[in-house]
Each structure stands twice: as C-alpha cells, then as structure tokens.
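Geometric and topological summary
Chain by chain, the residues:
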Amino acid sequence: MSLKISNVSKMYGANIALSNVFIEIKDGEFVCILGPSGCGKTTLLRLVGGFERPSQGLIYSGDTLYSSPDRCVPVERRNLGMVFQSFALWPNMTVRQHAEFPLLQKKYAGIDASKKKSLISQTLESVGLSALANRYPDELSGGQKQRVALARAIITKPQILLMDEPLSALDAELKISMRKEIQDIHRMTGATILYVTHDQSEALAMADRIMIMRNGEVEQAGTPEEIYLHPRTPFAASFVGKYNLLRGIWDHDLFYEESSNLCFQGQMIEPELKKMGLFPVRPDEFQIQKHGNGIPAKIKNRQYCGREIHYSVESSGRLITVYAPVRESYKLNESIVLIKKDGMN
Amino acid sequence: MKKRNLIVEAIACAVVIFLFLAPLCRLVLMSFTQGSGFGAANYAKLFQEPRTLRAIGNTIVIALAATVLSTVLGTLFAFLIAYLNIKRKKLLELLVLAPFIIPSYVITISWTSTFSRNGVMNRLMHLFHLPAVNLYSIGGIIFILGICNIPLVYLTTVNMLRKIPRDLEWAARASGCSRWGTLLRIDLVQAAPAIIGGSVLAFLACIDNFAVPAFLGIPASVPVLSTYIYEKAIGFGPESFALASALSVVLGIVAVSGSLGISSFARKSKKGDSIRADFSERVFLSRRTRRWVEWGGIAVFSVLDLVPLLTMTAASFQNLYGQRFSLKNLSLENYQFLFTNRGVMNAVSNSLFLSLITCAVCILVGTAAAYAKSHGTGPAVRLLESCASLTYAIPGIVLALSMIFHWSVIPGVYGSIRILIIAYVTRYLILQIKGSSAAMLSIHPSLEEAAHVSGSGRIRMWKKILTPLLFRQTISSSLLIFVSSLTEMTLSSILAAAGTKTIGLSVFNFQQSGDYNIAYAFSVLIVILILCGYTLVQFVCREPSKNRDSAHQRSAGALRPHQSELSHKMEGTIS
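Residues numbered from 1 in each chain as written. Chains lettered and ligands numbered in written order. Predicted model: local features only at pLDDT ≥ 70, side-chain atom pairs only at ≥ 80, totals over all residues. Heavy atoms only, no water.

As for the packing of helix H15 (residues 333-340) of chain B against helix H16 (residues 342-374) of chain B
All names here are of chain B. Using the following cut-off: Simply put, an axis is a line fit to the C-alpha atoms, just over the touching stretch for a helix, and the angle between two N-to-C directions goes from 0 to 180 degrees. Only DSSP runs of H or I reaching four residues or more are called helices, and only runs of E reaching two or more are called strands; each is numbered from the N terminus. Oblique is the label for any angle not under 35 degrees, not over 145, and not in the 65 to 115 range, which are roughly parallel, roughly antiparallel and roughly perpendicular in turn. We call two residues contacting when some pair of their heavy atoms lies within 4.5 Å. Residues were grouped as follows: Ala, Val, Leu, Ile, Met, Phe, Trp, Tyr, Cys and Pro as nonpolar; Asp, Glu, Lys and Arg as charged; and all remaining residues, including Gly, as polar.
Contact geometry of H15 with H16 gives a least axis separation of 5 Å together with a crossing angle of 65°. With respect to H16, the element H15 is oriented roughly perpendicular. Within the contact between the two elements, H15 uses Phe 337, Leu 338, Phe 339 and Thr 340 and H16 uses Arg 342, Val 344 and Met 345. Looking at side-chain class alone, the contact of H15 with H16 contains five nonpolar, one polar and one charged residues.

Some words on the layout of surface pockets
Selection rule: Residues are said to line a cavity or pocket when one of their atoms sits within 4 Å of a point; the points come from a 1 Å grid over protein atoms alone, cavities being sets where a 1.4 Å probe fits but cannot get out and pockets being open sets with protein on both sides within 12 Å along at least five of seven lines. Grid points are joined across faces, edges and corners, and a volume is the space filled by probe spheres set on the points.
Volume-wise, the second largest pocket comes out at about 830 Å³. Taken together, 24 residues make up the lining of the second largest pocket; nearest its centre are Phe 51 and Glu 52 of chain A together with Arg 179, Arg 282 and Phe 284 of chain B. Elements supplying a minimum of two residues to the lining of the second largest pocket: strand E1 (3-12) of chain A together with helix H9 (166-174) and helix H10 (179-208) of chain B. Across the lining of the second largest pocket, the residue classes tally to nine nonpolar, three polar and twelve charged.

Examining the packing of aromatic side chains
Quick note on the threshold: Classification of ring pairs rests on two measures: the distance between centres of Phe, Tyr or Trp rings, Trp counted by its six-membered ring, which must be within 6.5 Å, and the angle between planes, read as stacked under 30 degrees, edge-to-face over 60 and tilted in between. Two conditions define a charge sitting above a ring: the NZ of Lys or the CZ of Arg must be within 6 Å of the ring centre, and it must be within 35 degrees of the ring normal.
As enumerated under the stated definition, the model contains 26 aromatic pairs over all chains in all. Between the NZ or CZ atom of Arg 152 of chain A and the centre of the ring of Trp 90 of chain A, over which it lies, the distance is 4.5 Å. Positioned over the ring face of Tyr 392 of chain B is Arg 427 of chain B, at 5.5 Å from the centre of the ring.

Examining the interface of chain A and chain B
Many analyses report the size of an interface as the accessible area lost when the parts associate. To keep it simple, the criterion reads: By convention, the term buried area covers the 1.4 Å-probe accessible surface removed from two parts as they join, with the contributions of both added. The rule for a salt bridge is simple: a side-chain nitrogen of Lys or Arg has to be within 4 Å of a carboxyl oxygen of Asp or Glu. We define a polar contact as two N or O atoms separated by no more than 3.5 Å, with the added condition that, inside protein, one atom must be a possible hydrogen donor and the other a possible acceptor, whereas residues neighbouring each other in sequence contribute only through side-chain atom pairs.
On the chain B side, the residues contacting the 21 residues of chain A number 17 residues. A combined buried area of about 1,800 Å² lies between chain A and chain B, and 61% of that area is made up of carbon and sulfur atoms. Our enumeration of links across chain A and chain B arrives at one salt bridge. Between Arg 173 of chain B and Glu 76 of chain A there is a salt bridge, and its shortest N-O distance comes to 2.8 Å. Inspection of the region where chain A meets chain B yields four residue pairs in polar contact (both at pLDDT 80 or more). Across the side of chain A that touches chain B, the residue classes break down as 14 nonpolar, three polar and four charged.

Observations regarding the domain arrangement of chain A
Just so we agree on the cut-off: Bear in mind that the domain bounds are from an automatic or database domain assignment.
The domain boundaries assigned to chain A delineate domain 1 (3-228) and domain 2 (242-340). Domain 1 of chain A and domain 2 of chain A are separated by 39 Å when their C-alpha centres are compared.

Regarding helix H4 (residues 142-154) of chain A
Our working rule: For a helix, the expected span equals 1.5 Å multiplied by the number of residues minus one. With a 1.4 Å probe rolled over the protein chains alone, any residue whose accessible area is under 20% of its type maximum counts as buried; one over 50% counts as exposed, and the rest are partly exposed.
Taking 1.5 Å of rise per residue, the 13 residues of H4 of chain A would be expected to cover 18 Å, and the 19 Å separating its terminal C-alpha atoms lies within 8% of that figure. Burial within H4 of chain A is extensive, with ten of its 13 residues counted as buried. Within the sequence span of H4 of chain A, burial applies to Gly 143, Gln 146, Arg 147, Val 148, Ala 149, Leu 150, Ala 151, Arg 152, Ala 153 and Ile 154 of chain A. Each element contacted by the buried residues of H4 of chain A is listed here: strand E6 (80-83), helix H2 (95-100), helix H3 (113-126), strand E7 (160-164) and helix H5 (172-189) of chain A together with H9 of chain B.

What to know about the pattern of salt bridges
This model, assessed by the stated rule, comprises 21 salt bridges over all chains. Notably, a salt bridge pairs Lys 232 of chain B with Glu 49 of chain B, separated by 3.7 Å at the nearest N-O pair. Residue Lys 232 of chain B is located in helix H12 (residues 225-234), and its partner Glu 49 of chain B is located in the loop between helix H2 (41-48) and helix H3 (50-83); the two are separated by 183 residues in the primary sequence. Since its relative accessible area comes to 24%, Glu 49 of chain B is described here as partly exposed. In this structure, Glu 294 of chain B engages Arg 88 of chain B in a salt bridge whose closest nitrogen and oxygen atoms are separated by 2.3 Å. In this pair, Glu 294 of chain B is assigned in helix H14 (residues 287-316) and Arg 88 of chain B in the loop between H3 and helix H4 (89-101), connecting sequence segments 206 residues apart. Exposure remark for Glu 294 of chain B: the relative accessible area of 1% places this residue in the buried category. Its relative accessible area of 41% is what places Arg 88 of chain B among the partly exposed residues. Taken together, the salt bridges that share partners define one network made up of Lys 180, Asp 184 and Arg 187 of chain A.

What to know about the sheet that holds strand E10 (residues 217-222) of chain A
Residue and element names in this part refer to chain A. Operational definition: Pairing between strands is defined by DSSP: at least two bridges between them are needed.
Spatially, six strands are ordered E6-E7-E8-E3-E9-E10 in an open sheet, and the strand pairing comes out mixed. Two strands bound the open sheet, and with one partner strand each, they are E6 and E10. The average angle at which neighbouring strand axes cross in this sheet is 15°, direction not considered. Note: E7 against strand E8 (residues 192-197), five bridges, orientation parallel.

Considerations on the domain arrangement of chain B
All names here are of chain B. Domain assignment breaks chain B into domain 1 (1-30 + 338-575) and domain 2 (50-331). Opposite the 48 residues of domain 1 that make contact, domain 2 presents 54 residues. At the surface where domain 1 touches domain 2, the tally comes to one salt bridge. The closest approach of N and O atoms between Arg 427 and Asp 208, which form a salt bridge, is 3.3 Å. For the pair domain 1 and domain 2, the number of links is four residue pairs in polar contact (both at pLDDT 80 or more). Contributing elements (two or more residues each) for the side of domain 1 that touches domain 2: helix H1 (3-31), helix H17 (379-393), helix H18 (396-407), helix H21 (458-486), helix H22 (490-495), helix H23 (503-512), helix H24 (516-540) and helix H26 (560-574).

Here we look at the nonpolar core
Quick reminder of the rule: Definition used in this section: a nonpolar core is a set of buried Ala, Val, Leu, Ile, Met, Phe, Trp, Tyr and Cys residues joined via side-chain atoms within 4.5 Å.
In this structure, Tyr 83, Tyr 105, Tyr 154, Ile 494, Leu 495 and Phe 522 of chain B are the most contacted members of the largest nonpolar core, which totals 179 residues. Other than its neighbours up to four places away in sequence, Phe 522 of chain B contacts Leu 338, Val 344, Val 348, Ile 503, Ser 506, Val 507 and Phe 510 of chain B. Counting 45 residues, the second largest nonpolar core, distinct from the first, contains Tyr 108, Leu 124, Val 148 and Ala 191 of chain A.

Structure representation (structure tokens):
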C-alpha cells in the first residue's frame, strides 16, 4: 500500500519533534528513515503506526486518511506489522503463540483452524524457527528473538511493515546476516517497508530510498546512490558518506580551496553546498603523499583497520579523515600533502 | 578462614539462634507438652472444641473475602494511576496509601465512630429506609481488613504495571488487538504474578491482623485465630498456654507456608526486575471521562479514608458518647483527660522510648548485617537474615506467645520493658536489613576501594564515605520501623505489664472498657503524631535539589520513602 505523509508536524508542549515532513512512498517500496538519535525518526514511525496523533498534517494510506490532528484510525485497524528494537516479545508466550496472536483477532475468525495452522508453520519456516516453535522468549538468542518478532509482524500479510531499529540490539555479525533476511522478507511479502535506523550502512545496503532526518526535519531524500554520491547538505555529507567538507571559494564549477589555493573541478556538486562555499571529499578520495602539489597537512592519528589505515590529519587547524591503503604508512606528526584523486566526481 | 573468625562466626550463629529461633522452638515444644509428658493431646482437644473450628472457619472466610476486596480495589486503582491520563495522581496515590501509614486499629475506631448506633451514616441509612450497618460483625471485619490491605496490592501491582514495556502493548496493537483487548490480554497477564503476589500478602496480613478482629470481633463474639489465641493466652486455666501454643503453631504454619508460596512465585517472575519503571500515560481518556474517573477515584477514597477520620475527630470533641454532634456538647474534656492522665502519658512515653530504641538497635545491627552481607562473610549473616524473615512472617500474636515462653525463663526480662524491646527488634529487624542492603547495593564496592587506596582507614571511610551515602535510604527505611513500633498493638497486648503499657494497648483498653470518646481522641493524637513523624523524615530525607530535573524527580517520588519501605516489608515477608 502506498503511503503519503503530508506536511506532518508533531509538537510535545513547546518541543518540536517533527516539523513539516513530506514524503510519498510507493507501494512495495523499502524506505529507510536515517538520522541520529533524537532526530524525530521514531516519532515519525509512531505517527504512521497510529500510536500518536500528528499536531499538523495528514497521513494517507492509498486513498484512506489514516491520521490527521482530529482523526486517527486506531492502530489495530491499519493493517500493519511492526518490529521493535527491543523485540517486544511477550514473556509468557511461546514462539508459536506469538505467531498465532495476530490470527486470534475477530477479523480472522472466519478462517478455519487447519488453514491457520499451516499458515503459522509456513511463516515460522520462512524465518527459520520451525524447530524452536515451543520455546519461550527467554530461551532464545537475540537473532532468534528478532525472527519471532518478524514472524509475528508478517503473518497476517500486512501491506505496511514498520521497523524501529530492528537490528540495533544485535551484535555486529548478526546484524549483517539479518539484513539479508529482512531483504528476503521484503521480496517475499511485497509490503511497503518503513525502516528506522541510525546506522547509515544498514540504510545504504537495504533501502530503495533513504530519508535523512535531523532535528525533526528532512535533510535529504533519495536513492542510496544519490545520497552517498551527491549529498545536498553538510549534514547528509558527513553523516552518510563521512565526507570531509573543504572550505573555499566557488567560481562556477571551479573550487579554490582556502588553505592551498588548489583548484578542483566540481560539476557534480549540489548547488546547496556550493552556496555555502563547501566542497565535499570522501576519505577514500584523498591520497597522501610526502611531497607534491596538495593541501599541506600533518598526521595526527592513525588507526590500522586491516584493509586500510584511517588517518586523521590536521590542515590549518581542521581535522580531515583519510583512508589510505596499507602499503603506504606514515608516522604520527609527519608532514604530508593531501591530493584529491581524479575520476570520482 | 582464620581461627579467630571461625570463633566469631560460631558465637554470632549461637546468638542468632538463641534470640530468633529458640523462642519459636519453645513454642512448638510447648504445644506438645501435656502435664509432664509429650503428645498431641493438645491438638486433639483443640479440634474437638466447636469454637476452634469456628475460629478457623471465620479466619479463612474473613481473610479470603477481605483479600478479594483489597485485590479488586488495589488493582483497579493501580491501573488508574499507572496508565490513565488523569490528573491529581499524587493526591489520589496519597489517599490510596493512607491506610498503610495509619495503624489498623485507628482505622477501625474511626469507622466505628462513623457507624456508631446513632452516628451520621446510620441516620443517613435510616433516612433511605436501609437497615443500620453494624460493624461489629464478620462483614465489618471483612470491610475494614479489606480497606487496610489495599496498599499492599496497590503497590506491588502499580510497580509491575509501570514496568511492562510499552513495546509489548504496541506489538499487540499492531497485531490487530484493540486497546482494551491489549490491556486485558497483555498487561493483565503480565501483571498477574504481581497481583497474585500482592493478594497473597494481603491474605497473610489478614491472618496476622489482631487489632481489627479484637476491636470488632471480641464484642460480637466472632472469634478468629488471632483473637482466639489471645483469649486463650490471657485466660486462666491449667492448659491455657499449651492450647494457645498449639493454636499458634497452626496459625504459624499457615502464615509461613503462604510466605514460602509467594517467594517461590516471586523467584519465577524475577525477570522484570531490571526493567525501568515507565511513568508515562498509556490510556488517554477524553476530557469528560477523565474528569469523571479522577473525581470518582478521589471521592471513593475520601469516603474510605477521610470521612471516618473526620467523624472520629468530631466525636473526639464531644463529651457524651453516641449523641448527635452539636456545638452545645463541644468540649475538650477527652483531650484534657488524655493530657492529665498519668497512665496515658506513661504509655506515650513508653511507646516513644520503645520505638526510638528499636530504631537505633535495628539501624546498627541491620546496617552491620547488610555490610557483612555485601562483603560476603560467613554463614552467621545469612542465618540472621532468614531467621529475622521468619519472625516477621509469623503472626505477631504467635511471636508474642513464644517470647513469653522463652524469656520468662530468664529473670528480669518478662514483665519489664526489656521484653518489649527484644520482641520489637526481633519482629522488625528484617525491615532494616532489607533497607540497608538495598542502600548498600547502590554503593559500588569501588567507592570503598577508592577510599582505601586514597589512604582512608576503616573509621574514616565509614564516616566520610559510607555514612553520608547510606544516610538517606537507611533513615527512610527505619521510618517504617519507627511508625510500626510506635503504634504497635499485637505484641504489647500480650507482653506488656502494668507499668509498660504502650499507646496501642491503651487505646485497646479504652475501647474495651467503653470509653469510646477517649479512644477517638487518642486515635486523633496518634494520627497527628504519625503525620509529624512522616513530615520530619520527609524533611530530613529530602533530596538535595540541584536543578529542575531533580526537583521534578522529587515531586514524582514524594511518596517514594514509604513505597520502598513497603517493598522491603514485602521482601521481608517473601524471603
């Protein structure tokens, strides 16, 4: 089901949690809401879920009005599934009972028991929990718990799936493998997914579209490639691509860096950044050399990461991050120059 | 372990056994004593008496019915206060918890003043052609006990309800369950262990209670086990003590097995403990409904708490009992009597002395025990803790009886105020051990180590680090001990001698001898005393407010002292 969030604002007293958020989500699209904690992303999800009412604006699902400041379709009638960061499993129910719970509602009273039973085992199978059907939540690992929550959310084949940082409570390795499962579920159910996260790699990996939020406002919305390669705001640039923002003066498509007066080509840079006199460079777009025609800098910190080395270098009082291949090694406090690689932009 | 430590441990264990276990053992022995030999004849004789069976039957019926009443009201108000978006929650909570601070005999007396034969309520009932209410009956006992134990159920339940994560509700809502369905199928089910635990506590409190059946049941000759034991114990006769102890063993077994029942139950549902309580509102009522619920709740509890207290206060200013309240009969006679009567003043000073001494001993021993416990030393502390829990879990009347048997052997204790001190400490020590342990838990061992590393000796560490950190929590948990021993009635009704009457016992005597108006006046004084005590402790233990945040927390936790005490009280019963 398509979703339309139209100029939605949410106030808590005098605090503005969301201001004027607008986005249209197509049927079956996987949209990530990405932002640091406190940016309003969870509030937005709760508004879509119907747990709270917007202070302003409207939320539509297809042609149905779901939320407005004075009308709010109750959660249970929105035909959605939800997955929580905390898993939100009921400690007194087994895995099977969790999957069964949504089917106990009046709506499904007409379906006969054997059909329900096969639906339950099918769903548990699809998340790989068939063997654990009779376990209680405290007998499951974190990944298994989140699979139970997924099974519960998808069993009624809802048209909208809301996911509130579902992977944050899992350890690093499990996060990566669960990404695949969530993508599989997206393909299998064809549901519209609204996925909240603060982890940019998760958003880049899974989403059809990313919406970056900050202080209750949308910073930028677009496909992962757009967001990663063409950030439109300093925040989007540094939050997702870890861009360094060089300062300088723009002359049409030419950028003159302020400390070295080097000139960079920048046809692809977004006009918003140009207006601010900024030039975004990703850490992997720099190359470190001992001498040459580049931005003079000094190595301040290095972290060996196996595949590459992450350097923090200081250039005229500002820190710049550079990822360099392992074969080039520089010492602390060594004076170097930064040269921008060609061909990326 | 060093040899010296071993000896210390052994001595400590022996002392604990002598003080806490030996009296109970002597009681059990006594119950099997007949003439010069041993046997179960006491029990056989007891169960042949129809009055015993009636007492057992009454106890069970009263306890069950009162438990149902307090469970229903306690759960309902816990739900209202934890989840609804009503305002004036603090006022409502204060009203719900009031019966917890006010001793049950004061509540009983205040209700008897409201429903006295010519009292306000009965005249009102007459006006509506309803039959007059007689509180001196099984129904009356059930009603008063039910009111007294509402806070027990309320507090266990309200904390549990707040600890149920909202995600659990939301997950159910997203699965298509309606709001009220969610409350029923998710919240109620999750809170069930707490509700059951609270109602078992209420049940045990009903069995334990002596004051209410003594005030209402003895005049109406409705025996329950606790008053029956009392009658047997103070009655003369060759076998009366043996019979009383046999009855006590029966009652003690019921109470202890009940406590063990909850503790195993509590252990099973321990999981929720680390979850933080969530104070936000979950169910939103419309403005109109909200007002109704708000004022309805306040009205219910005003009727339950305030109206009887007010009628009692009004009656205490009347010089004639049972008259219609009028300004003509207004007099300070009753108060004048209280302040000039030597017996009364003596009782007040006895009770104050007793409660101060009990508090002091409990704070010293309890904090030392908690410290030893947190540092994992020998078995003596653990023995002390379980024995002290036992003496708290058994009904007061049973403990009192065992104290007589045990301490009458040692000269100079029984008949003096010493036996009361010993009895009170035995009874209430566990509350302080629990309170101080909780306070200790909040102090990380590293704080102590840091003090040692920075060169502090043991004494300086206690003075500079531990005492200031433990002070507030320790004092606020000893408040419960102070108030309980100040208004104690069960133990003193059996253990006090002529010169060592306590406040509770004096009120009991006034009521028994028909000096109702004096009993009212005395009860009013007790309520004032308690309120002063609470205000004082609130003042001493107020949290230093550094910024608006902590000020906010304080306002939310204005009632926290007695909440935490209650949880100690419950843990005391449980473990």
